[in-house]
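Here are the chains, one letter per residue:
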Amino acid sequence: MYDEEEFLQLSGIQHFAFCRRQWALAYIELQWQENVRTVEGRLLHENAHDAGIKEKRGDLLIVRAMPIHSRELGVSGECDVVEFHRSESGIPISGHEGKYTVVPVEYKRGRPKANDVDALQVAAQALCLEEMLCCDIPYGAVYYGETRHREKIEFTKELRCKVQDMFAEMHKYYRQGYTPKVKWSKSCNACSLKDICLPVLNKSLSVKDYIDSKMKEEGTE
Ligand code: SF4
């Protein structure tokens, strides 16, 4: 169990899954985490059951920008949308009749990615909600603005374990103030931190490899 002051930002899992070094540069070296903690520490004290219910459509309650956290994972953040579907297999919600199942929904502007970073983020949200609301959440969804498609995400045991392992690793690096070294890869071309990352200084990459990759990137080879 983590204390509040140790909480990391939940959405950092996307960066960590994309590149551990990118996450460390953003959240350890640039210290963005401190600001996030201050804001989220305040949000944490709001009552998640009551504070954010904004819409009711028949048997569906929709909560937007719901603050979430998990002491077990040591993270806090926010859900874009949490849907509460009226169902006998659900949990009671304060101020509302009946029982409800819980479905986190993450909104992304783009299209589905080839990797599982979005699934990891929404699974991390589900683990927080399960801990906060004492319920089971078997699935969630990611809505992609570009394709206007909603993709169902099953929270399998494997996905849950991956989320838990990643946050454990992030906490370890954060405590140690450790920025992992990684090899330059094709992903680096799309990385917003490539200019400050300077993986050319990483001994695992030769200067020749770096120059070759830059020439390819600029179409000069
Ligand atoms: S440039 Fe590459 S190695 Fe550096 S942070 Fe970005 S993705 Fe990671």
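This one's a predicted model, so the numbers in the text were calculated from it and none came from an experiment.

Draft legend 1. A look at the side chain of Glu106. Examined against the element boundaries, Glu106 turns out to sit in strand β5 (residues 96–108). At 3.3 Å, the side chain of Glu106 and the side chain of Lys108 are in polar contact. Here Gln125 takes part through its side chain, which lies 2.9 Å from a polar atom of the side chain of Glu106. The residues contacting Glu106, other than those within four sequence positions of it, are Asp80, Gln121, Val122, Gln125, Ala141, Val142 and Tyr143.

Draft legend 2. Helix α4 (residues 117–133), seen in detail. Spanning 17 residues, α4 covers 24 Å between terminal C-alpha atoms, matching the ideal 24 Å at 1.5 Å per step. Within α4, 15 of the 17 residues are buried, leaving the element largely enclosed by the surrounding structure.

Draft legend 3. Local environment of the nonpolar core. Ranked by size, the top nonpolar core spans 49 residues in total, and within it Trp23, Phe84, Val102, Leu129, Phe155, Val163 and Phe167 carry the most contacts. Looking at this core, the elements that each hand over two or more residues are α1 (12–18), α2 (20–29), β3 (60–70), β4 (75–93), β5, α4, β6 (139–144) and α5 (157–176). Here this core takes 10 residues from α4, the largest share from any one element. In this structure, this core is formed jointly by two domains, domain 1 (4–180) and domain 2 (182–221), each of which donates at least three residues. Leaving out residues up to four positions away in the same chain, Leu129 has contacts with Met66, Ile68, Cys79, Val82, Val102, Pro104, Cys134, Cys135 and Ile137. Ile62, Val81, Val103 and Val105 belong to the second largest nonpolar core, which has 6 residues in total.

Draft legend 4. Region of interest: the pattern of salt bridges. If you walk through the whole model with that rule in mind, you get 11 salt bridges. A salt bridge links Arg71 to Glu4, with the shortest nitrogen-to-oxygen separation between them at 3.6 Å. A residue pair is termed long-range when its members are at least 10 positions apart, and Arg71 in the loop between β3 and β4 and Glu4 in the segment before β1 (8–9) qualify at 67 residues. Given a relative accessible area of 26%, Glu4 falls into the partly exposed group. Its salt-bridge partner being Lys152, residue Glu154 comes within 3.8 Å of it at the nearest N-O pair. Judged by relative accessible area, which is 46%, Glu154 ranks as partly exposed. Each of Glu55, Arg57 and Arg64 takes part in salt bridges that share partners, so that together they form one network.

Thresholds applied
Residues numbered from 1 in each chain as written. Predicted model: local features only at pLDDT ≥ 70, side-chain atom pairs only at ≥ 80, totals over all residues. Heavy atoms only, no water. Helix = DSSP H or I, 4+ residues; strand = E, 2+ residues; numbered from the N terminus. Polar contact = N/O pair within 3.5 Å; in protein donor to acceptor, adjacent residues only side chain to side chain. Contact = heavy atoms within 4.5 Å. Expected span 1.5 Å × (residues − 1). Buried < 20%, exposed > 50% of the residue type's maximum accessible area, 1.4 Å probe, protein only. Core = buried A, V, L, I, M, F, W, Y, C linked by side-chain atoms within 4.5 Å. Domains from an automatic or database assignment. Salt bridge = Lys/Arg side-chain N within 4 Å of Asp/Glu carboxyl O.

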